[in-house]
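Coordinate analysis (summary)
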Amino acid sequence: MVFRKLPGVSASGMGLRLSQKFVFLLFLSGLVTLCFGALFFLPDSVRLKRIFLSKTETQPVTVGSGSENDAREHLKRPKDQEHPRGMTSAKGETSTKLKSLSRKPPVSHEATEERLAGGKAQEDLTLSRSKTESASERATSPDHGANSDTFSYKKFKRCLLKHPLGRDNGKPSDPKTNERREKVKEMMKFAWDNYKRYAWGKNELRPLTRNGHIGNMFGGLRGASVIDSLDTLYIMGLMEEYNDAKEWVQTSLDLNSNGEASLFEVNIRYVGGLLSAYYLTGEELFKNKAVELGEKLLPAFNTPTGIPRGVINLGSGTSWSWGWASAGSSILAEFGTLHLEFVHLTELSSNPIYTEKVMNIRKLLNKIEKPHGLYPNFLSPVSGNWVQHHVSIGGLGDSFYEYLIKSYLMSDKTDDDAKKMYYSALEAIEANLVQKSPGGLTYMAEWRGGILDHKMGHLACFSGGMIGIGADDGAPEKRQHYLDLAAEITHTCHESYARSATKLGPEAFRFDGGAEATATRLSDRYYILRPEVIESYMYMWRLTHDPKYREWGWEAVEALEEHCRVESGFSGIRDVYTMTVSHDNMQQSFFLSETLKYLYLLFSDDDLLPLEDWVFNTEAHPLPIIRKSCLQDEATQDKTVSE
């Protein structure tokens, strides 16, 4: 084969034969490959990788915002509601469906700003995976519990002050009260049996049409009613039903979904439900599932500020904000309702990343200015600034405040930062939001840039119980005041029930235009089996033992039986002010987790899930108080014995 010489260059000038050229080019290409590859093994390789790879990484995106108010009004309709809490708030302001959650939403300006944060976030996730795997390996080893870094269920049980189920499963000595408690248990069995018959494995039961509902809130996860019911079935002693639920978790709960989920709802229902089931039973299955799912939520925190976005694809880890949220913001009640569960994920996995994520949220909130000491509902996850000044103790804000006082209590009263934040917020709430109606009813108004909206949502009725459980740890001169305030708010919420034809409360009630504790808008007249009023009855009974709270609870049982019980389950109703009820065909999973559990506890002795040992997450899943000093003492004693 003949090779043509380059014109004007002699053979001696080229100086290389074909074989030599080939060897030279091979050497040169190898050198370039080696140099480029070495970049990825230098100490600062993550930063360099970012430079070369950032354009191809999948980035968090923001759904087009649209009109927040229009979206919320659309979401508040009771028809076909899958859960009016998740899309808008922590107990959300009645949300169910998103109008336009595209699987490939347009990349926002915020997502572009996040690229520099991507590498560090991926490092966190990788660290999380490795630590979780090693923790799981230790947990299944023969000497599980010997290592002080590994959670020991036996040590945990020894640090409880009382048995979780009490002396006699909380059975009251009074026959009338026990009869009422048994009625609530029958309601739970009826609701569960119909769910199992017609909707097994689906998220919720549609009792009128006798089929299951999946919805788009849980990212492809199934069995929300199963997970939400585990602890309720267990404490009620419905062991056959509990074992069916446990078997479903073991054989059918698939966490490898690839759908778009509410970070908030998956956390409070699935993670919270699995954690609670583990702490009550000691079944490793529940712990392992909780930690596995918790890890899938971590990418939502991959933002410049560490404030998580509200929606996450559980498969890809991509996250974005709700389309209706103002300017791509995150919601106070959503990113503020992670602390209890994430601290327990760290306890169980020995992985500090979960606690670090929620403590970072705290640090940012402490750093930024609060208007009049209040926490607005919308915060930018990119800038870390408030987006608008709308403050509510109901939807969009509610459980943020709840988790502050409960974080303090769950820490065995060592989390002084949570305590300070809670009482400062409560002081601002009293100064700006607490109002007294002409008829003498105390209520929580909403605050919009300094202008009061004299409306109180059903969701805000949890605040009676919240203020009650925090009363004892306030300033000594304010303790009785807080207990009185809790009682007044709970009374107002009871009035919202008592003033309706069905004796069930509306979604929201107003205190203007001559109205007091009644809904004045058609869109606020529905009831979807919500628990918040009954929740406050339960706490106020435990704190005061005033018999009226049990009587009020029984009124609610009778109303539920008369108006919400249908042939194949329980259903919400569209108008609490008419006796000709129209059902919404949805048995919400929180009815099984919260409403019936709180009723059962209301009619039980106080030693069933005693408040000295347990706090309830916002889905009523009991989580134990973490007694670090006790656990450390137990570890020291075990080490001494082993030596």
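The rules behind these values
Residues numbered from 1 in each chain as written. Predicted model: local features only at pLDDT ≥ 70, side-chain atom pairs only at ≥ 80, totals over all residues. Heavy atoms only, no water. Helix = DSSP H or I, 4+ residues; strand = E, 2+ residues; numbered from the N terminus. Buried < 20%, exposed > 50% of the residue type's maximum accessible area, 1.4 Å probe, protein only. Contact = heavy atoms within 4.5 Å. Areas by Shrake-Rupley, 256 points an atom, 1.4 Å probe, with all protein chains shown as cover. Disulfide = S-S within 2.5 Å. UniProt positions renumbered as here; feature names shortened; annotations may be inferred. Polar contact = N/O pair within 3.5 Å; in protein donor to acceptor, adjacent residues only side chain to side chain. Expected span 1.5 Å × (residues − 1). Axes fitted to C-alpha atoms, helices over the stretch in contact; angles between N-to-C directions. Parallel < 35°, antiparallel > 145°, perpendicular 65-115°, else oblique. Left-handed = near helix turned anticlockwise from the far one by under 90°. Nonpolar A, V, L, I, M, F, W, Y, C, P; charged D, E, K, R; others polar. Core = buried A, V, L, I, M, F, W, Y, C linked by side-chain atoms within 4.5 Å. Phe/Tyr/Trp six-rings, centres within 6.5 Å; stacked < 30°, edge-to-face > 60°. Pairing = 2+ DSSP bridges. pLDDT = per-residue confidence, 0-100.

Turning next to the overall build of the chain. Tallying secondary structure elements over the chain gives 23 helices and 19 strands in all. By residue count, 60% of the 643 residues in the chain fall in the buried class. In the chain, 70% of the contacts between residues at least 6 apart in sequence involve partners at least 24 apart. Approximately 25900 Å² of the chain is accessible, and the part contributed by carbon and sulfur atoms is 53%.

With that out of the way, let us pick up the state of the cysteines. Each disulfide is one covalent bond, formed between the sulfur atoms of two cysteines. This structure, assessed with the given rule, holds two disulfides. Here Cys159 engages in a disulfide with Cys630; their sulfurs sit 2.0 Å apart. Between Cys159 and Cys630, the S-S torsion sits near -95 degrees, and that sign places the bridge as left-handed. One end of the pair, Cys159, is in the loop between α7 (153–158) and α8 (175–199); the other, Cys630, is in helix α23 (residues 628–642), with 471 residues separating them in the sequence.

Here we take up the UniProt feature "binding site: Ca(2+)" (unreviewed entry) in the chain. Mapped onto this numbering, the UniProt entry gives "binding site: Ca(2+)" (unreviewed entry) at Thr618. Its place among the elements puts Thr618 in the loop between β18 (614–616) and β19 (622–624). Side-chain polar atoms of Thr618 contact the side chain of Glu402, separated by 3.0 Å.

Taking 1.5 Å of rise per residue, the 17 residues of helix α21 (residues 548–564) would be expected to cover 24 Å, and the 23 Å separating its terminal C-alpha atoms lies within 8% of that figure. Within α21, the full set of buried residues consists of Tyr549, Arg550, Trp552, Gly553, Trp554, Ala556, Val557, Ala559, Leu560, His563 and Cys564. Where α21 is buried, its residues touch α8, α19 (479–498), α20 (532–544), β16 (565–566), β17 (569–570) and α22 (589–602).

Here Arg627 is to be found in the loop between β19 and α23. Measuring from C-alpha to C-alpha, the distance between Arg627 and Thr414 comes to 9.4 Å, with 213 residues separating the pair along the chain. Those residues in contact with Arg627 that sit more than four places away from it in its chain are Cys159, Leu160, Leu161, Asp412, Glu612 and Asp613. Here Glu612 takes part through its backbone oxygen, which lies 2.6 Å from a polar atom of the side chain of Arg627.

At their nearest, the axes of α20 and α21 sit 9 Å apart, and the two run at 155 degrees to each other. As judged from the angle between their axes, α20 and α21 are roughly antiparallel. Crossing geometry of α20 relative to α21 is assigned as left-handed. Side by side, α20 and α21 meet where Ile534, Tyr537, Met540, Trp541 and Thr544 of the first sit next to Tyr549, Arg550, Trp552, Gly553 and Ala556 of the second. The residue inventory of the contact of α20 with α21, partitioned by class, reads seven nonpolar, two polar and one charged.

What follows covers the nonpolar core. Membership of the largest hydrophobic core comes to 159 residues, with the highest contact counts inside it found for Leu365, Tyr401, Met456 and Ile467. Per-element accounting of this core gives the leading share, twelve residues, to helix α11 (residues 263–281). With residues up to four places along the chain from it excluded, the contact list for Tyr401 reads Leu332, Tyr375, Val391, Ser392, Ile393, Tyr422, Ala425, Ile429 and Met466. Val311, Trp320, Ala325 and Leu396 belong to the second largest nonpolar core, which has eight residues in total.

Glancing now at the packing of aromatic side chains. Here the structure, examined in full by the defined rule, presents 32 aromatic pairs. An angle of 45 degrees between the planes, with centres 5.7 Å apart, marks the rings of Trp192 and Tyr195 as tilted. Here Trp192 and its partner Tyr195 are both found in helix α8, three residues apart, which amounts to about one turn of the helix. Accessibility expressed as a relative area gives 0% for Trp192, which makes it buried.

Turning next to the sheet that holds strand β12 (residues 446–448). With antiparallel pairing, three strands are arranged side by side in an open sheet as β9-β12-β13. Of all the strands in the sheet, the pair left with one neighbour each is β9 (390–391) and β13 (451–453). The pairing of β12 with β13 spans three bridges and is antiparallel. Along β13, the bridge assignment pairs Trp447 with Leu452.

Here the UniProt-annotated "active site" (unreviewed entry) positions come out as Glu265, Asp398, Glu507 and Glu532. Looking at the element boundaries, Asp398 is found in helix α16 (residues 398–410). We classify Asp398 as buried; its relative accessible area is 0%. For Glu507, the position within the fold is in the loop between α19 and β15 (508–510). Under the relative-accessibility criterion, Glu507 is labelled buried at 6%.

Right, let's talk about the confidence of the model for the chain for a bit. Residues of the chain with pLDDT of at least 70 account for 76%, and the chain-wide mean is 84. Of all secondary-structure elements in the chain, the lowest mean pLDDT belongs to helix α3 (residues 45–53), at 30, while α22 reaches the highest, 99. Low pLDDT, under 50, characterises residues 1–16; the predicted model gives this stretch seven contacts beyond four residues in sequence or across chains.

This paragraph deals with the sheet that holds strand β5 (residues 319–320). Read from one edge of the open sheet, three strands run β3-β4-β5, paired in antiparallel fashion. The sheet terminates laterally at β3 (260–262) and β5, the two strands that pair on one side only. As paired strands, β3 and strand β4 (residues 311–313) are joined by three bridges and run antiparallel to one another. Counted as the bridge partner of Ala261 is Ile312 from β4.

A few words on helix α18 (residues 463–470). Taken across its eight residues, α18 has eight buried, putting it largely inside the fold. Ser463, Gly464, Gly465, Met466, Ile467, Gly468, Ile469 and Gly470 are the residues of α18 that are buried. In this fold, the buried residues of α18 make contact with α16, α17 (416–432), β11 (442–444), β14 (455–457), α19 and α20.

Moving on, we come to the side chain of Thr305. Relative to the elements of secondary structure, Thr305 occurs in the loop between α12 (284–297) and β4. Reaching out from Thr305, the side chain makes a polar contact with the backbone nitrogen of Ile307 at a distance of 3.1 Å.

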